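This is what each chain is made of:
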Amino acid sequence: QVQLVESGGGLVQAGGSLRLSCAASGRTFSSYAMGWFRQAPGKEREFVAGINWSGGSTYYADSVKGRFTISRDNAKNTVYLQMNSLKPEDTAVYYCNAGTVLLLSRPGGSWGQGIQVTVSS
């Protein structure tokens, strides 16, 4: 199992940008599809973006398409989520996930601890 640690969250005004990072431990990182999920207060956790093991395929929720970009650097065991044109409805705790089943937008078994992103209007 891979250990995941997110960073880069915080408070930003609407229209602003943030980049989340997720650092993974273990030598098998490059074999995992990775994903970002989020959970807003009172709502269920939802899929945001996913990327296959090589970085050659990416997937996005409709709500973030064109605004968010997922990428990975296998040499650094890190996956990123660049978030632009942020909206107040993007406010949530964001979670990194390893083993994401991309075509089903379903999480795998390993989660980070989560990081807060707050977008003020």
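Residues numbered from 1 in each chain as written. Predicted model: local features only at pLDDT ≥ 70, side-chain atom pairs only at ≥ 80, totals over all residues. Heavy atoms only, no water.

Student: Describe the overall build of the chain, and please don't skip the residues or the numbers.
Tutor: Across its full length, the chain holds 0 helices and 11 strands. Walking the chain from its N terminus toward its C terminus, one meets helices and strands in the order β-β-β-β-β-β-β-β-β-β-β. The globule rule puts the C-alpha radius of gyration for 121 residues at 14 Å, and the 13 Å found for the chain is close to it. In terms of overall dimensions, the chain has C-alpha extents of about 40 × 25 × 25 Å along its principal axes. (Helix = DSSP H or I, 4+ residues; strand = E, 2+ residues; numbered from the N terminus. Rg over C-alpha atoms; globule rule 2.2 N^0.38 Å.)

Student: Residue-level account of the sheet that holds strand β8 (residues 78–83), with values.
Tutor: Taken in spatial order, the 4 strands of this open sheet run β1-β3-β8-β7, and their pairing is antiparallel. Lying at the two open borders of the sheet, with one neighbouring strand each, are β1 (4–7) and β7 (68–73). Across this sheet, the average inter-strand angle for adjacent strands is 15 degrees, counted without regard to direction. Bridge analysis of β7 against β8 gives 6 bridges, and the strand direction is antiparallel. Bridged to Phe 68 within β8 is Met 83. (Pairing = 2+ DSSP bridges. Axes fitted to C-alpha atoms, helices over the stretch in contact; angles between N-to-C directions.)

Student: Could you give me a rundown of the packing of aromatic side chains, with the residues and numbers involved?
Tutor: Under the criterion given, the structure shown has 3 aromatic pairs. Pairing Phe 37 with Phe 47 gives two aromatic rings, centres 5.5 Å apart and planes at 75 degrees, and the pair type is edge-to-face. Here Phe 47 lies in strand β5 (residues 46–51) and Phe 37 lies in strand β4 (residues 34–39), a separation of 10 residues in the sequence. By relative accessible area, which is 12% here, Phe 47 ends up buried. Their ring planes at 70 degrees and their centres at 5.3 Å tell us that Phe 37 and Trp 111 sit as a pair that is edge-to-face. On the criterion of sequence distance, the pair formed by Phe 37 in strand β4 and Trp 111 in strand β10 (residues 110–111) is long-range, its members being 74 residues apart. (Phe/Tyr/Trp six-rings, centres within 6.5 Å; stacked < 30°, edge-to-face > 60°. Buried < 20%, exposed > 50% of the residue type's maximum accessible area, 1.4 Å probe, protein only.)

Student: Would you mind going over the layout of surface pockets in detail, with residue names and values included?
Tutor: In this approach a probe as big as a water molecule rolls over the atoms, and the regions it shows empty are the leftover space. Here the largest pocket defines a volume of roughly 160 Å³. In this structure, the largest pocket is lined by Arg 38, Gln 39, Ala 40, Lys 43, Glu 44, Glu 46, Pro 88, Glu 89, Thr 91 and Ala 92. In the lining of the largest pocket, the residues fall into 3 nonpolar, 2 polar and 5 charged. (1 Å grid on protein atoms, 1.4 Å probe; cavity = no way out; pocket = protein on both sides within 12 Å on 5 of 7 lines; lining within 4 Å. Points joined across faces, edges and corners; volume = space filled by probe spheres on them. Nonpolar A, V, L, I, M, F, W, Y, C, P; charged D, E, K, R; others polar.)

Student: Would you mind going over the side chain of Ser 110 in detail, with residue names and values included?
Tutor: Residue position: Ser 110 is located in strand β10. With relative accessibility at 5%, the residue Ser 110 sits in the buried group. Look past the residues within four positions of Ser 110 in its chain and what remains in contact with it is Gln 1, Val 2, Leu 4, Cys 96, Asn 97 and Ala 98. (Contact = heavy atoms within 4.5 Å.)

Student: Describe the environment of Ala 40, listing the residues and the values that go with them.
Tutor: In this fold, Ala 40 is placed in the loop between β4 and β5. Look at Ala 40 and you get buried, because its relative accessible area is 18%. For Ala 40, the contacting residues outside a window of four places in its chain are Thr 91 and Ala 92.

Student: Can you lay out the side chain of Asn 97 for me, pointing to particular residues and giving the numbers?
Tutor: Relative to the helices and strands, Asn 97 is located in strand β9 (residues 92–98). At 3.1 Å, the side chain of Asn 97 forms a polar contact with the backbone oxygen of Ser 110. In this structure, Asn 97 is in contact with Leu 4, Ala 33, Met 34, Gly 35, Phe 37, Pro 107, Gly 108, Ser 110 and Trp 111, ignoring residues within four places of it in sequence. (Polar contact = N/O pair within 3.5 Å; in protein donor to acceptor, adjacent residues only side chain to side chain.)

Nothing here speaks to function; it is geometry throughout.
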